[in-house]
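# Structural features, examined
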Amino acid sequence: MPPRRSHKKSRAGCRRCKSRKIKCDEVHPRCGNCVKHGVPCDFEHPEIIPELQTASVSSPSTAAGTPYTPAYSPGAESVSNASTSRFQRAPPLCRSPPSQALSTTTPVAHRMLELRLMHHYTAMTCKTFTFTAPTTEHIWKITVPGMAFSGSQHLTDAILAVAALHLRSQSPNDKDLVRASHAYMAASLAEYSATLTKGIDSTNAESLFLTASLIAFQSTATRVFMKDELNLAQATGKYTEDFNKQGRYSAAGCYSIPFSWFHSFQGVKAVTAASWQWLRTSPVVTEVINSQVVLQLDLGLNRPTFFGHLLDDLSDELEEMANPSGPASLHPDSPGQPFQQRRVPASPELVTSTRQAYQHAVAVLNWAHKIPHKGAPLAFPATVSKRFIELLEERRPRALAILACFFALLKSLDSVWWLHGMARREVLGVVSLFNSDYFGPEAYSKWWPHLEWAMRIALYETPDGSSTIPPEVWGADWYAEEQALEGQGGHSYYRHIELLCQTGNSTRSIPEVP
């Protein structure tokens, strides 16, 4: 008789294999037999042990669940009871931690959308914020989401909103992304406003600064989609006057200035000033701030500058403010009511602030014109004075001409998704105000020399499709000007803010939510 083959006995098999009296391969987390038959294994799910024990006592079954009747033999019942008793006494091989049930109020599709948005933000969107300062990519990619997950709901929603806008630029017809971009930003603004109302302190200063920055990005990017949303609203019959508050054109077809853009960038400046006592020691914020190109403004009025022509005849305009004469120059039905109704003499303080607002805005344009590839034009909406924004609200022709030149500077950043096509659309919109009854028949011929460069740049198309415009077209050699400015030295952006806060020139009030 041949010798009996040796084999390894299974002493720690799963309960299902033991109840079926077959050898278990003891593979975790599911043994081979359970995998083969597609049934749960108590290695992976210890909570099914009582069920298997009950089944083994009452009605044993196969792995597939088909009942079977074993042959009766004397003592079989006692053996079965003894085996069951041992199973009840044996502790489970492993215990899994109690699992939290998934939310029954959050749909699966919603959770998947949020995962999709967060993945897109960390993989793609965060890189588009740092095209002029790659050294801060790790902050926007890792530090900012980590800070959001630590309990900053307004920052979390702002991240998701910006990611949704970025995806919309790639899939403009995705209605889920349209709804998500609006819903998350509305939630972020609501929580952001509530937090500001409670007050800024050391625990929320960083997250508020970062949220304010993302709101500024969002307000800029949203402008790109306004025309598509207006067409959709009109096509579905859902157009309302409220829709145009953020739009490019009014119901009458007249261009509308993007004030929300200016307010959001001004909000970053206000939050920075109001919380600087905590931000100044934050390594995250200081790195972001110092990555920005430093303002080097030349306020000298006796030297010719590229945009100096925008200040031509400024003294006559200021004189007219101080001593108004003649009828209003605007069309009676134009939106510029504040300008045309101001027929009382302006105070000396108002005249002075108007002069300074124009001069400062033009100085920012001259500086940004030299190094636009470094992101310098984006400093304009954040650094212009409150008085200049009031002049835009009054629809002053000079302020609008300055605005057109600012939009033209964005042509150098046309490859950035949240600025793509911005220069062409906005410059044409501003110029359309001059070429209509908005200001009267003489406005276009008077201001066209000041708008010509902006129009030429906005309509320019580079042969290779890049954003680099030749010096003879732009009016300056970007890289030569960059080297010249670097040779002049100057303070870091951090030091610039320090000086502003020390001299009290920076707004310290809590910013309004755009």
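Residues numbered from 1 in each chain as written. Predicted model: local features only at pLDDT ≥ 70, side-chain atom pairs only at ≥ 80, totals over all residues. Heavy atoms only, no water.

## Considering the overall build of the protein chain
Short version of the rule: Comment: elements are numbered from the N terminus, with helices defined as DSSP H or I runs of at least four residues and strands as E runs of at least two. Note on contacts: a residue pair is in contact if any heavy atoms of the two residues lie within 4.5 Å.
Across its full length, the protein chain carries 23 helices and zero strands. Pairs at least 24 residues apart make up 70% of the contacts formed inside the protein chain by residues separated by at least 6 positions.

## Thoughts on the side chain of His120
Definition in use: Throughout, exposure labels follow a simple rule: accessible area from a 1.4 Å probe, protein chains only, divided by the maximum for the residue type, with under 20% read as buried, over 50% as exposed, and the rest as partly exposed.
Following the sequence through the fold, His120 ends up in helix α5 (residues 108-123). Among the residues examined, His120 registers a relative accessible area of 9% and is labelled buried. Here His120 is in contact with Thr125, Ala163, His166, Leu167 and Gln170, once residues within four sequence places are set aside.

## Points about the nonpolar core
We apply this condition: Grouping buried Ala, Val, Leu, Ile, Met, Phe, Trp, Tyr and Cys residues that are joined through side-chain atoms within 4.5 Å yields what is termed a nonpolar core.
The biggest cluster of nonpolar side chains holds 122 residues, and the ones touching the most others in it are Phe380 and Phe388. Considering every element that reaches this core, the biggest residue donor is helix α9 (residues 205-235), with 12 residues. Every residue in contact with Phe388, bar those within four places of it in the chain, is listed here: Ala357, Tyr358, Ala361, Phe380, Ala399 and Ile402. By size, the runner-up hydrophobic cluster in this structure holds eight residues, among which are Cys14, Cys17, Cys24 and Phe43.

## Details of the environment of Ser385
Note on placement: Ser385 falls in the loop between α16 (380-383) and α17 (386-393). Note on Ser385: relative accessible area 24%, which makes it partly exposed. On a C-alpha basis, the gap between Ser385 and His360 in space is 7.9 Å, while along the polypeptide they are 25 residues apart. With residues near it in sequence (within four places) discarded, Ser385 still touches Ala357 and His360.

## Side note on the UniProt feature "domain: Zn(2)-C6 fungal-type" (unreviewed entry) in the protein chain
Basically, it comes down to this: UniProt positions are given in the numbering used here, feature names are shortened, and annotations may be inferred rather than shown by experiment.
Mapped onto this numbering, the UniProt entry annotates "domain: Zn(2)-C6 fungal-type" (unreviewed entry) at residues 13-43. This span, residues 13-43, is 39% helix and 0% strand, and a straight line between its end C-alpha atoms measures 9 Å.

## With respect to the side chain of Glu317
Looking at the secondary structure, you find Glu317 in helix α13 (residues 314-322). For Glu317, the contacting residues outside a window of four places in its chain are Tyr358, Arg396 and Arg398.

## Observations regarding helix α6 (residues 137-149)
Rule in force here: Given a helix with a known number of residues, its expected span is that number minus one, times 1.5 Å. The angle between axes fitted to the seven residues ending at a residue and the seven residues starting there is what we call the bend at that residue.
Taking 1.5 Å per residue, 13 residues should reach 18 Å; α6 reaches 18 Å between its end C-alpha atoms and fits that length. In the structure, α6 departs most strongly from a straight axis at Thr143, where the bend amounts to approximately 30 degrees and where the proline Pro145 lies between one and four residues downstream. Buried residues of α6: Ile139, Trp140, Val144, Pro145, Met147 and Ala148, and no others. Gly151, located one to two residues past α6, shows a positive phi value of around 125 degrees.

## Focus on α13
This is how it is decided: Throughout, the arc means the angular range of directions from the helix axis out to the C-beta atoms.
Within α13, burial applies to Leu314, Glu317, Leu318 and Met321. Projected down its long axis, α13 shows its buried positions confined to an angular sector of 95 degrees, all on one face. For α13, the secondary structure elements touched by its buried residues are α15 (348-370), α17 and α18 (397-409).

## A few points about the packing of aromatic side chains
The line we're drawing: Ring geometry is summarised as follows: Phe, Tyr and Trp rings, the Trp one being its six-membered ring, pair when their centres sit within 6.5 Å, and such pairs are stacked at plane angles under 30 degrees, edge-to-face over 60 and tilted between the two.
The full count for this structure, using the stated rule, is 20 aromatic pairs. Here Phe217 and Trp418 contribute two aromatic rings whose centre-to-centre distance is 4.9 Å and whose plane-to-plane angle is 80 degrees, an arrangement assigned as edge-to-face. Taken together, the positions of Phe217 in helix α9 and Trp418 in the loop between α18 and α19 (422-434) put the pair 201 residues apart, joining distant regions of the chain. When sorted by exposure, Phe217 lands in the same class as Trp418, which is buried. With a centroid separation of 5.8 Å and 85 degrees between ring planes, the pair formed by Phe380 and Phe388 is classed as edge-to-face. No difference in accessibility class separates Phe380 from Phe388, as the two residues are buried.

## Re the packing of α17 against α18
Which entries qualify depends on this criterion: Helix axes are fitted to C-alpha atoms over the stretch in contact, other axes to C-alpha atoms as well, and angles between N-to-C directions run from 0 to 180 degrees. By definition in this entry, angles of less than 35 degrees are roughly parallel, angles greater than 145 are roughly antiparallel, angles of 65 to 115 are roughly perpendicular, and the rest are oblique. Residues are sorted three ways: Asp, Glu, Lys and Arg are charged, Ala, Val, Leu, Ile, Met, Phe, Trp, Tyr, Cys and Pro are nonpolar, and all the rest, Gly among them, are polar.
α18 packs onto α17 with a crossing angle of 105 degrees between their chain directions and a minimal axis gap of 8 Å. By the criterion of interaxial angle, the relationship of α17 to α18 is roughly perpendicular. Of α18, the residues touching α17 (which contributes Phe388, Leu391 and Leu392) are Ala399, Leu400, Ile402 and Leu403. Among the residues forming the contact of α17 with α18, the class breakdown is seven nonpolar, no polar and no charged.

## A look at the pattern of salt bridges
Once the charged atoms of two side chains with opposite charge are near each other, the side chains can pair. Applied cut-off: Throughout this description, the term salt bridge denotes a Lys or Arg side-chain nitrogen within 4 Å of a carboxyl oxygen of Asp or Glu.
Throughout the structure, instances matching the rule amount to nine salt bridges. A salt bridge links Asp176 to Arg179, with the nearest nitrogen and oxygen atoms 2.5 Å apart. Taken together, the residues Asp176 and Arg179, both in helix α8 (residues 175-198) and three residues apart, mark about one turn of the helix. The partner of Glu394 in a salt bridge is Arg387, with the nearest N and O atoms 3.5 Å apart. You'll find Glu394 and Arg387 in the same group, each marked buried. Residues joined by salt bridges that share partners form a network here, namely Glu317, Arg387, Glu390, Glu394, Arg396 and Arg398.

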